[in-house]
Amino acid sequence: MGRRCSFPIYVFIILSLIFASCSKHLYKTDTSIEAVLYPPPPDTARIQFLTRYSTSSDVTGGRSKFKTFVAGTEQLLPIIKPYGIAIQRSKLFVADAAIAGLQIIDIEKGSFEYFNPDGRGKIKLPISCFVDTDGDLYVTDVVRKQVVVFNENLEYKGEIGGGEDFKPADVCVFDSIILVTDPNNNRINVYEKHNLQLLFSFPDEAEVGDKAWLYNPLNLSVAGGAVYITDFGDSRIKKFTLEGEYINSVGSYGNGLGQFVRPKGIAIDHDQNLYVVDAGFENVQIFNKEGQLLMFFGGPYNGPGDMYLPANVIIDYDHLKYYEKYVDPAYELKYLIFVTNQYGPDKVTVYGRIVPKS
């Protein structure tokens with residue numbers, strides 16, 4: 001059974017001092033401030049920065065139930081170094097290497113808690129996470145060299161991998177299969193969901209220099225019957241069938257529009273537009289299903305909406321009502337975009353895909 005808020009208390013005290021020293025850089029989202037839009041006026045905006053999460057107070061409004069032993073005062077729980085992010089049933093899961101666990105944000109209830117499981121489910125260095133439609137939580141752990149699985153009650157359920165050469169970087173569940181990136185072995189492993197056994201790996205016959213070869217596969221996403229993979233070592237997003245057959249790629253190495261320096265997290269919307277995080281440019285680039293660049297948003301951190309070593313991105317259509325209050329009145333919200341930032345004051349930034357009101 002997972003324990004919550006089990007991080008050592010002395011660590012919280014140190015973190016609170018650090019956070020207090022950085023408090024001048026924080027801000028509160030105010031629905032009355034001028035909207036941060038991409039592209040900015042007078043162009044028609046497509047993306048709007050809505051809000052951000054960096055501590056428990058951003059979620060609870062300072063009403064956290066967690067209290068320290070110091071005079072019963074409330075203690076801020078920070079998000080420190082997030083990478084992976086997932087959302088399911090109003091809960092946002094953030095994999096944070098600095099706490100050796102996850103933050104769980106319940107958007108509907110306005111609650112915030114740490115998840116640091118014990119025993120066989122103990123997490124050592126989480127990188128990415130995924131929650132499937134059954135509510136099962138999958139966490140990649142590069143120290144354990146396993147994907148650790150928990151049920152919807154956050155109870156340990158099992159694990160995948162464990163070999164010396166296995167380095168699970170990202171995980172995605174689609175129907176009855178689990179896909180895991182393995183940059184140590186330049187491949188994607190595909191497992192059977194019900195028994196966690198390996199089915200096959202791909203690309204199985206590609207060699208170095210082939211278009212299908214994966215030099216350093218980091219993140220992945222499944223949409224439209226295809227698997228999209230961030231090949232960090234080749235600075236491309238590569239697309240395969242679910243059977244592992246190469247289809248094509250998007251981007252290349254460089255500092256021009258549509259190129260990548262340090263591509264990481266990816267997500268695909270319902271129109272098969274591809275969102276790619278670039279930690280080098282500190283932005284997210286958007287491509288259409290033909291691989292053509294549509295726009296980008298973010299940029300090196302100078303204020304709200306900017307990014308600071310961004311890592312991952314997810315898209316959500318189910319929780320718009322909790323964020324509509326932030327949307328510029330001239331626009332309506334179509335879906336949400338969550339981006340994790342490993343540094344800076346805004347650790348999880350929330351954007352909206354917006355369209356002008358008719």
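Residues numbered from 1 in each chain as written. Predicted model: local features only at pLDDT ≥ 70, side-chain atom pairs only at ≥ 80, totals over all residues. Heavy atoms only, no water.

The next subject is the sheet that holds strand S13 (residues 187-192). Taken in spatial order, the 4 strands of this open sheet run S11-S12-S13-S14, and their pairing is antiparallel. Single-partner strands in this sheet number two, and they are strand S11 (171-174) and strand S14 (198-202). Looking at each pair of strands side by side, their axes are set apart by 20° on average, direction ignored. Examined bridge by bridge, S11 and strand S12 (residues 177-182) share 4 bridges and lie antiparallel to one another. Bridge pairing links Cys 172 to Leu 179 in S12. (Pairing = 2+ DSSP bridges. Helix = DSSP H or I, 4+ residues; strand = E, 2+ residues; numbered from the N terminus. Axes fitted to C-alpha atoms, helices over the stretch in contact; angles between N-to-C directions.)

To continue, consider the sheet that holds strand S5 (residues 101-106). Either a parallel or an antiparallel arrangement is found when strands of a sheet pair, and the pairing is made through backbone hydrogen bonds. Taking strand neighbours across the sheet as the criterion, the 4 strands line up as S3-S4-S5-S6 in an open arrangement whose pairing is antiparallel. What marks the edges here is a single partner per strand, and that holds for strand S3 (82-88) and strand S6 (111-115). Strand-to-strand twist of the sheet, defined as the mean angle between neighbouring strand axes without regard to direction, takes the value 20°. Here 5 bridges tie S3 to strand S4 (residues 91-96), and the two strands are oriented antiparallel to one another.

The biggest cluster of nonpolar side chains holds 28 residues, and the ones touching the most others in it are Tyr 53, Leu 92, Tyr 323 and Phe 338. At the level of secondary structure, the elements contributing two or more residues to this core comprise strand S2 (47-53), S3, S4, S6, strand S24 (331-341) and strand S25 (348-356). The element contributing the most residues to this core is S24, with 4 residues. Counting 17 residues, the second largest nonpolar core, distinct from the first, contains Tyr 275, Met 295, Val 313 and Ile 315. (Core = buried A, V, L, I, M, F, W, Y, C linked by side-chain atoms within 4.5 Å. Buried < 20%, exposed > 50% of the residue type's maximum accessible area, 1.4 Å probe, protein only.)

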